[in-house]
Amino acid sequence: MDIRRRNNVTVTGRVDGPVLLLAHGFGCDQNMWRLVLPALAEDFRVVLFDYVGSGGADPSAWDERRYGSLEGYALDVLEVCEELDLRDVTFVGHSVSAMVGVLVAAKAPQRFSRLVMVAPSPRYIDEEGYRGGFSADDIDELLESLESNYLGWSAAMAPVIMGNADRPELGQELTASFCATDPDMARIFARTTFLSDSRGDLKAVVVPTLVLECKQDVIAPREVGAYVHAAIPGSRLVTLEATGHCPQLSAPQATAGAITSFIGASG
């Protein structure tokens, strides 16, 4: 199988620069990184891709069983890294991809040297002693709505996820991204995202890690950022002066600056 075609792999930036691998979240694709890309490409070799089921990835490679767990998405990442022979990689994962990064760093420590977790959440559902931001009923309702009317759900939820009501074009962009995703594939990815519990995996992280959270984020509230930071020894927590769940779009300069500063400090 042609892995580069399967995952719509793009490589840009400095040929001799340190490697950044940018991984998008649910309902998105590599285009979500475009506003941080110019700044990052000045100093880094930047690798972007789309998960199967998203963006320009090959839809014929879709396998419901494989992509019914985060392990399947981690396998995509590892195969991309093997295809390009990437080493000393800084994995930058947005939202659910932050947890994919935790998995790949544990599976292939010879390839990954740092993690950057952008708006991460290891568990969306509240439990006693843990606040993920949603009750179990909230998530059930969210998934039922998504499965019954995906386009309607996308139009309603994307602006909420994005935040920044004073910048409606951002919510419109995320809506368009959601709506471009095949509903059947999105249904599987949504269940994988919102029902996963990756809290137990955090203790396995041994590479330098940056946790990037937003000042206001209804999807990953600040209690979640504090939890992830506390669970990963030696991690750095940075709170961006940003609103919403997608700081790479709403605050691209601050996001790119935090990533660059972290790699410089941990290099």
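For the structure itself, consult the block above.
What you see is a predicted model, and the numbers here were worked out from it, not measured in a lab.

Lay out the overall build of the protein in plain terms, naming residues and giving numbers.
The secondary structure content of the protein amounts to 11 helices and 7 strands. For a compact globule of 267 residues, the expected C-alpha radius of gyration is about 18 Å, and the protein comes in at 17 Å, within 12% of that figure. Along the first, second and third principal axes, the C-alpha atoms of the protein reach 45 × 40 × 35 Å. Partitioning the intrachain contacts of the protein with sequence separation of at least 6 by distance along the chain shows that 76% fall at a separation of at least 24. Summed over all atoms, the accessible surface of the protein reaches about 10,900 Å², with 49% contributed by carbon and sulfur. Distance between charge centroids for the protein: 6 Å, based on 22 positive and 36 negative side chains.

Lay out the sheet that holds strand E6 (residues 209–216) with the relevant residues and their values.
Strand order in this open sheet of 7 strands is E1-E3-E2-E4-E5-E6-E7, and the pairing throughout is mixed. In this open sheet, the two edge strands, each paired with only one partner strand, are strand E1 (10–13) and strand E7 (236–243). Between one strand and the next, the sheet's axes are offset by a mean angle of 20°, whatever the strand orientation. Summarising the sheet, strand E2 (residues 19–23) and strand E4 (residues 89–94) pair through 5 bridges and their orientation is parallel. By the bridge assignment, Leu22 is partnered in E4 with Val92. Along the sheet, helix H3 (residues 70–84) contacts E1, E2, strand E3 (45–48), E4 and strand E5 (112–118); its crossing angle with E5, the most-contacted strand, is approximately 135°.

Quick rundown of the nonpolar core? Include the residues and the values.
Among the nonpolar cores identified, the biggest contains 71 residues, and Val77 and Phe112 are the most heavily contacted of them. With 22 residues, the next largest nonpolar core counts Leu212, Cys214, Ala251 and Phe262 among its residues.

Pulling in residues and values, what's your account of H3?
If you check H3, its first and last C-alpha atoms are 22 Å apart, about what 15 residues at 1.5 Å a residue would give, namely 21 Å. For H3, the buried fraction is high: 11 of the 15 residues fall into the buried class. If you check which residues of H3 are buried, you get Leu70, Gly72, Tyr73, Ala74, Asp76, Val77, Leu78, Glu79, Val80, Cys81 and Leu84. In the segment just after H3, Asp85 is the residue with positive phi, at about 50°.

Please set out unusual backbone geometry residue by residue, giving values where relevant.
Unusually for a residue other than glycine, Asp85 sits at a positive phi of about 50°. Within the element layout of this structure, Asp85 appears in the loop between H3 and E4. The phi angle at Ser95 is positive, at roughly 60°, despite the residue not being glycine.

How would you summarise the pairing of E5 if you had to cite specific residues and measurements?
Counting buried residues in E5 gives 7 out of 7 residues, a clear majority hidden from the surface. Relative to E5, E4 runs parallel, the two being bridged by 6 bridges. Across the sheet, Phe91 pairs through a bridge with Leu115, a residue of E5. In this fold, E4 hands off to helix H4 (residues 96–107), which returns the chain to E5; that crossover is right-handed. For E5 and E6, the ladder comprises 4 bridges, and the chain directions are parallel. Counted as the bridge partner of Val116 is Leu210 from E6.

I'd like a description of a negative patch on the surface, backed by residues and values.
The grouping of Asp126, Asp137, Asp138, Asp140, Glu141 and Glu144 at the surface amounts to a negative patch. The residue Asp138 is located in helix H5 (residues 136–148) in this model. Take Asp138: its relative accessible area is 36%, and that puts it in the partly exposed class.

How would you explain the side chain of Asp58 if you had to name every residue and give the values?
Turning to its location among the elements, Asp58 is positioned in the loop between E3 and H3. Within the local environment of Asp58, its side chain forms a polar contact with the side chain of Ser60, the two groups lying 2.8 Å apart. Ignoring anything within four residues of it in the chain, the contact list for Asp58 reads Arg5, Arg6 and Val52.

Describe empty space enclosed by the protein, naming the residues involved and giving the relevant values.
Using the criterion set out here, one finds 4 cavities of 30 Å³ or more in the structure. Empty space within the largest cavity amounts to approximately 120 Å³. Lining the largest cavity are 14 residues, with Phe26, Ser95, Ile161, Phe178 and His245 sitting closest to its centre. Going through the elements one at a time, helix H7 (168–179) and helix H8 (183–195) are the ones with two or more residues in the lining of the largest cavity. Counted by class, the lining of the largest cavity contains 9 nonpolar, 5 polar and no charged residues.

Can you tell me about the packing of aromatic side chains, naming the residues and giving the values?
On inspection of all chains with the given rule, the structure shows 16 aromatic pairs. Aromatic pair Tyr67 and Tyr73: ring centres 5.1 Å apart, planes at 55°, arrangement tilted. Comparing Tyr67 with Tyr73, the two get one shared label, buried. Look at Tyr73 and Phe189: their rings are 4.4 Å apart centre to centre, the planes differ by 15°, and that puts the pair in the stacked class. Of this pair, Tyr73 sits in helix H3 while Phe189 sits in helix H8; the two residues are 116 residues apart in sequence, bridging distant segments of the chain.

Cut-off values and rules
- Residues numbered from 1 in each chain as written.
- Predicted model: local features only at pLDDT ≥ 70, side-chain atom pairs only at ≥ 80, totals over all residues.
- Heavy atoms only, no water.
- Helix = DSSP H or I, 4+ residues; strand = E, 2+ residues; numbered from the N terminus.
- Rg over C-alpha atoms; globule rule 2.2 N^0.38 Å.
- Contact = heavy atoms within 4.5 Å.
- Areas by Shrake-Rupley, 256 points an atom, 1.4 Å probe, with all protein chains shown as cover.
- Lys, Arg positive; Asp, Glu negative; His and termini not counted.
- Charge placed at Lys NZ, Arg CZ, Asp CG, Glu CD.
- Pairing = 2+ DSSP bridges.
- Axes fitted to C-alpha atoms, helices over the stretch in contact; angles between N-to-C directions.
- Core = buried A, V, L, I, M, F, W, Y, C linked by side-chain atoms within 4.5 Å.
- Buried < 20%, exposed > 50% of the residue type's maximum accessible area, 1.4 Å probe, protein only.
- Expected span 1.5 Å × (residues − 1).
- Right-handed = clockwise from strand over helix to strand, strands pointing away.
- Patch = residues over 30% accessible without salt bridge, like charges linked within 9 Å, V, L, I, M, F, W, Y side chains within 5 Å.
- Salt bridge = Lys/Arg side-chain N within 4 Å of Asp/Glu carboxyl O.
- Polar contact = N/O pair within 3.5 Å; in protein donor to acceptor, adjacent residues only side chain to side chain.
- 1 Å grid on protein atoms, 1.4 Å probe; cavity = no way out; pocket = protein on both sides within 12 Å on 5 of 7 lines; lining within 4 Å.
- Points joined across faces, edges and corners; volume = space filled by probe spheres on them.
- Nonpolar A, V, L, I, M, F, W, Y, C, P; charged D, E, K, R; others polar.
- Phe/Tyr/Trp six-rings, centres within 6.5 Å; stacked < 30°, edge-to-face > 60°.

Without other data, these values stay purely geometric and don't point to any function.
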